[in-house]
Amino acid sequence: MNKQINDYIYSKKSEILQNLAEVVVIPSVKGTPENGAPFGNEPKNALLKMREICDKMGFKTTVYENAVLCADFGESPELGILAHLDVVPVQRENWHTNPFSLVEKDCVLYGRGVIDDKGPAVAALWALNAVKELGLTLKKGVRLIFGTDEENGSEDLEIYKKHDKFPPKVFTPDGSFPVINIEKGMIRSRFFGNVSGNIVKFSGGNIPNAVADKANAVLSSVSLETVRREIDSDKTGAEFSATENNGNVEISCKGKAAHASTPQTGINAVTALISLINRICGNDVTQGLERLFPFGETDGSALGLKCADDSGALTAVFSKFSINDGVCEGTVDIRFPTCTNLVTVKDTLKANFEKVGLNYEMILGDEPHIVPENSEFVQKLLSVYEQIEGEKGKCIAIGGGTYVHNIDGGVAFGAERGDTDYNMHGDNEFITVDELLKDAILYANAIIEICG
């Protein structure tokens, strides 16, 4: 470990936190595309704020279509560090701090994006600044790449590729330590169709890649007493409440959010509420959906997709569902291991939805991403991890797609550690101050190891 880097990063703690605060305060959730703002104004504002910070540090910056920012140090970059500044939506009532304000409590930092991915982005920036300010010699250049659409399909990287090419080696701090070298394939799908019966309205789930933590429905021609009786006998673990309004019964369901790659850690409010409704007044569509996505099942068994290998097991999440004016629409997120493929999963899903009488379309899909563990790049990152963390480095496979999923040879290096639940994509997202600073130290040493 380079002691100069360690001392420098800790001496700059207040400035690092200030820069993080400057980007956390911008609610960079994807918005309506506008002229000069392909993913909405707030992601653009976060990008321009980061450019301002990079410019003050003296880096050469380039912005492509207000979607991607590059900050270069040296010529002909050999290493690219890819981070994103967009974030997922929040439900403020469930936070104990303002999600768009960096708050430090007992050496823990709270705010949307502090772990995914604004905190790691700032750590990478200060890692490169440490190398520059300390005058540490690099033989090859380094490029920081900041994007604004990772959470919604990474169209920003398509914009980047129109203008430039990625460096030969790329890592992203958009995953976990030590090194993620295998990522499952992913398919995100939409289904839709007509529905009749007693369900006047249904609304559940906010984002496509997470277990829904809330769902609501309005039922006609049922009694409040009947609904409450079914709630009292419910065994899903979700929390229900019901009220009567203008002759209809309104039901609310509260579950527990979880990332779509680890759905077994959540409680799906959509499937829990559908199960409850089906015991009261379900219709052909909701009953069919319950057969395909039974509450508590996350491995795709009912779809006929269950499979697993060294990269992990398939996961299936029914993440969003709505009924309005007799029309239903829903979203499903599936992460699949290397023993199957995109075509198989897509065709199986399509056949299942057709049996229920629903239309199907694939929104996006990617095959699994694999980088050999014995590559020089991976081995150098593992070596840096072992030196700084003082423990054996290893490669891991995940169900979540990181920012490098479609970049040849790209891997994830941080920023989550061990089994800690940082509430990524959930309420009260956090990272500790010490972890943030240590991330910067790790990335600076990685820069030296790869480009020095």
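Before going into details, it helps to say that this report is about the structure given with it. Not measured: the values here are computed from a predicted model. (Residues numbered from 1 in each chain as written. Predicted model: local features only at pLDDT ≥ 70, side-chain atom pairs only at ≥ 80, totals over all residues. Heavy atoms only, no water.)

## So, the overall build of the protein chain
Piece 1. A count of helices and strands for the protein chain gives eleven helices and 26 strands.
Piece 2. Expected size for 452 residues packed as a compact globule is a radius of gyration near 22 Å; at 23 Å, the protein chain falls within 12% of this value.
Piece 3. In terms of overall dimensions, the protein chain has C-alpha extents of about 75 × 45 × 45 Å along its principal axes.
Piece 4. In the protein chain, which comprises 452 residues, the share counted as buried stands at 56%.
Piece 5. In the protein chain, the share of contacts with a sequence separation of at least 24, taken over all contacts with a separation of at least 6, comes to 74%.
Piece 6. Surface accessibility of the protein chain: about 18,200 Å² in total, with carbon and sulfur atoms responsible for 44%.
Piece 7. Side-chain charges in the protein chain split into 44 positive and 64 negative, and the spacing between the mean points of these groups amounts to 2 Å. (Helix = DSSP H or I, 4+ residues; strand = E, 2+ residues; numbered from the N terminus. Rg over C-alpha atoms; globule rule 2.2 N^0.38 Å. Buried < 20%, exposed > 50% of the residue type's maximum accessible area, 1.4 Å probe, protein only. Contact = heavy atoms within 4.5 Å. Areas by Shrake-Rupley, 256 points an atom, 1.4 Å probe, with all protein chains shown as cover. Lys, Arg positive; Asp, Glu negative; His and termini not counted. Charge placed at Lys NZ, Arg CZ, Asp CG, Glu CD.)

## Side note on the packing of aromatic side chains
Piece 1. Within this structure, the stated rule accounts for 20 aromatic pairs.
Piece 2. Between Phe191 and Phe318, the ring centres sit 5.6 Å apart and the planes meet at 65°, which makes this aromatic pair edge-to-face. Of the two residues, Phe191 sits in strand 10 (residues 185-194) while Phe318 sits in strand 19 (residues 315-324), which places them 127 residues apart along the sequence. We note that Phe191, like Phe318, is buried.
Piece 3. Ring pairs connect the aromatic residues Phe191, Phe202, Phe293, Phe318, Phe321, Phe353 and Tyr360, which therefore count as one cluster.
Piece 4. Residue placement shows Lys132 over the ring face of Phe59; its charged tip is 5.3 Å from the ring centre. (Phe/Tyr/Trp six-rings, centres within 6.5 Å; stacked < 30°, edge-to-face > 60°. Lys NZ or Arg CZ within 6 Å of the ring centre and 35° of its normal.)

## Describing the sheet that holds strand 26 (residues 430-432)
Piece 1. Taken together, three strands build an open sheet; the order of strands is 4-5-26 and the sheet is antiparallel. Each edge of the sheet is formed by a strand with only one pairing partner; in this case those strands are strand 4 (103-105) and strand 26. Mean inter-strand twist for the sheet, computed between neighbouring axes without regard to direction, equals 30°.
Piece 2. Where strand 5 (residues 108-110) meets strand 26, three bridges bridge the pair, whose relative direction is antiparallel. Directly across from Tyr110, in strand 26, lies its bridge partner Phe430.
Piece 3. Docked against the sheet, helix 11 (residues 433-451) engages strand 4, strand 5 and strand 26, running at close to 75° with respect to strand 26. (Pairing = 2+ DSSP bridges. Axes fitted to C-alpha atoms, helices over the stretch in contact; angles between N-to-C directions.)

## Quick notes on the nonpolar core
Piece 1. Judged by nonpolar contacts, the single largest core of 73 residues is most densely connected at Ile9, Met50, Phe146, Phe171, Phe413 and Tyr443.
Piece 2. In terms of residue count, the dominant contributor to this core is helix 11 (twelve residues).
Piece 3. Every residue in contact with Tyr443, bar those within four places of it in the chain, is listed here: Pro120, Ala123, Ala124, Ala127, Phe171, Pro173, Phe177, Phe413, Gly414 and Ala415.
Piece 4. Counting 50 residues, the second largest nonpolar core, distinct from the first, contains Ile251, Val270, Ala272 and Ile277. (Core = buried A, V, L, I, M, F, W, Y, C linked by side-chain atoms within 4.5 Å.)

## Quick notes on the sheet that holds strand 21 (residues 359-366)
In a beta sheet, neighbouring strands pair by backbone hydrogen bonds and run either parallel or antiparallel.
Piece 1. Taken in spatial order, the eight strands line up as 14-15-13-11-19-20-10-21 in an open sheet, and their pairing is antiparallel. What marks the edges here is a single partner per strand, and that holds for strand 14 (239-245) and strand 21. Going across the sheet, the axis of each strand differs from the next one's by a mean of 15°, ignoring polarity.
Piece 2. In this fold helix 6 (residues 224-232) packs onto strand 14 and strand 15 (248-254), with an angle of close to 175° to the strand it touches most, strand 14.
Piece 3. Against the sheet, helix 7 (residues 269-278) touches strand 11 (199-204), strand 13 (214-219), strand 14, strand 15 and strand 19, its axis set at about 25° to strand 13.

## Considering the side chain of Asn129
Piece 1. Along the chain, Asn129 falls in helix 4 (residues 118-133).
Piece 2. Judged by relative accessible area, which is 5%, Asn129 ranks as buried.
Piece 3. Of note is the side chain of Asn129, whose polar atom sits 3.1 Å from the side chain of Tyr8. (Polar contact = N/O pair within 3.5 Å; in protein donor to acceptor, adjacent residues only side chain to side chain.)

## Here we look at unusual backbone geometry
Piece 1. The residue after Asp116, namely Asp117, is reached through a cis peptide bond having omega 10°.
Piece 2. Relative to the helices and strands, Asp117 resides in the loop between strand 5 and helix 4.
Piece 3. Residues other than glycine seldom take positive phi values, yet Ser221 does so here, at roughly 60°.
Piece 4. At Asn246, a position not held by glycine, the phi torsion is positive, near 55°.
Piece 5. Residue placement: Asn246 occurs in the loop between strand 14 and strand 15.

## Some details on the pattern of salt bridges
Piece 1. Going through the model one piece at a time under the given rule, you end up with 25 salt bridges.
Piece 2. In this structure, Lys306 engages Asp299 in a salt bridge whose closest nitrogen and oxygen atoms are separated by 3.8 Å.
Piece 3. The exposure class assigned to Asp299 is partly exposed, which follows from its relative accessible area of 22%.
Piece 4. Several salt bridges converge on common partners, so that one network encompasses Lys49, Glu52 and Lys56. (Salt bridge = Lys/Arg side-chain N within 4 Å of Asp/Glu carboxyl O.)

## A short note on the pairing of strand 2 (residues 68-73)
Within a regular strand, the side chains alternate between the two sheet faces.
Piece 1. Within strand 2, five of the six residues are buried, which leaves it mostly tucked inside the rest of the structure.
Piece 2. As paired strands, strand 1 (residues 60-64) and strand 2 are joined by five bridges and run antiparallel to one another. The residue bridging Thr61 from the neighbouring strand is Ala71, located in strand 2.
Piece 3. Between strand 1 and strand 2, which pair antiparallel and follow one another directly, the connecting turn spans three residues, one of which, Glu65, has a positive phi of 55°.
Piece 4. Direction of pairing for strand 2 relative to strand 6 (residues 141-147): antiparallel, over a ladder of six bridges. Within strand 6, the residue paired with Ala71 across the bridge is Leu144.

## Remarks on the side chain of His425
Piece 1. Note that His425 resides in the loop between strand 25 (415-416) and strand 26.
Piece 2. Its relative accessible area of 9% is what places His425 among the buried residues.
Piece 3. Within polar-contact distance, the side chain of His425 engages the side chain of Asp116 at 3.0 Å.
Piece 4. For His425, the residues in contact, after removing those within four places along its chain, are Val88, Arg112, Asp116, Glu151, Asn209 and His259.

## Here's the deal with helix 8 (residues 284-292)
Piece 1. Within helix 8, burial applies to Val285, Thr286, Gly288, Leu289 and Leu292. Angularly, the buried residues of helix 8 cover 160° about the axis, an arc narrow enough to put them on a single face. What points out from helix 8, more than 90 degrees from its buried face, is the exposed set Asp284 and Arg291.
Piece 2. You can read the cap of helix 8 off the contacts: a side-chain oxygen lies 3.0 Å from the backbone nitrogen of Val285, and it is on Asn283. (Arc of directions from axis to C-beta.)

Coordinates in, geometry out; function isn't part of it.
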